Amino acid sequence: MAKKKMTRGPFQFMQFSVIGLANAGVDIGTLNLLLLLFPTDDRGMLALFNTIAYSLAVANSYFWNVLITFRNSAEGSRRQRLTFILQGIVSLGVNNVVFLGANQLFQWFEIPRWLRQNIAKGLAMFLSFTASFFMIKFFVFKDTKQHSPRK
């Protein structure tokens, strides 16, 4: 029972956060590699690069969160995979809107390209990470098993 309680709440958020740091490395690393190889301010290309980077991070997230963070409630069912994909699409939308919007805002202030793109990416990652945690916890890997109290 004590172990079951540890996998919930703050401890679970900590696990999700550690995996999130690895995902951030994948996400921002991929984005910066693409921007280094193909520098651009074109919104369409930025959205494409961001989508590629975010998608790789989401795949990494699913793998590690199923194995670690939500292992007690991850069933690998069709419903869980579908809801994970749907939350990924919603989070990608949040990520792209914030990334492109913040990048545009910082461009108006004439912040250098590399700096503004990375600050915008950081904001996008933070907001989509937060939204993703709550969608994953309460919709994708919600614990549907009935727990009987121990006597």
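You'll find the protein chain entered in an unreviewed UniProt entry as GtrA family protein, with Salibacterium salarium given as the organism. The UniProt entry for the protein chain carries the following comment under Sequence similarities (unreviewed entry): "Belongs to the GtrA family." Among the UniProt annotations of the protein chain, the heading Subcellular location (unreviewed entry) holds the following wording: "Membrane".

K.L.:
What should I look at first to understand the UniProt feature "transmembrane region" (unreviewed entry) in the protein chain in this one?
P.N.:
Per the UniProt annotation, the sites labelled "transmembrane region" (unreviewed entry) are residues 48–70, 82–102 and 122–141. Summarising residues 82–102: 100% helix, 0% strand, and an end-to-end C-alpha distance of 30 Å.

K.L.:
Looking at this structure, I do not really get unusual backbone geometry. What am I missing?
P.N.:
Leave glycine aside and you will find that most residues have negative phi; peptide bonds, for their part, are mostly trans. Unlike most non-glycine residues, glutamate 110 shows phi in positive territory, near 55°. The residue glutamate 110 is located in the loop between α4 (78–108) and α5 (113–140) in this model.

K.L.:
Can you help me understand the nonpolar core in this one?
P.N.:
Among soluble globular proteins, nonpolar side chains are generally buried collectively. Leu31, Leu35, Leu46, Phe49, Phe99 and Ala120 are the most contacted members of the largest nonpolar core, which has 13 residues in total. Counting residues per element, the ones that place at least two in this core are α2 (9–37), α3 (43–69), α4 and α5. Looking at which element gives the most residues to this core, the answer is α4, with 5 residues. Split by domain, the residues of this core number at least three in each of domain 1 (17–74) and domain 2 (76–143). Setting aside its immediate chain neighbours within four residues, leucine 46 contacts Leu35, Thr40, Asp41, Phe99, Leu100, Asn103 and Gln117.

Conventions we followed
Residues numbered from 1 in each chain as written. Predicted model: local features only at pLDDT ≥ 70, side-chain atom pairs only at ≥ 80, totals over all residues. Heavy atoms only, no water. UniProt positions renumbered as here; feature names shortened; annotations may be inferred. Helix = DSSP H or I, 4+ residues; strand = E, 2+ residues; numbered from the N terminus. Core = buried A, V, L, I, M, F, W, Y, C linked by side-chain atoms within 4.5 Å. Buried < 20%, exposed > 50% of the residue type's maximum accessible area, 1.4 Å probe, protein only. Domains from an automatic or database assignment. Contact = heavy atoms within 4.5 Å.

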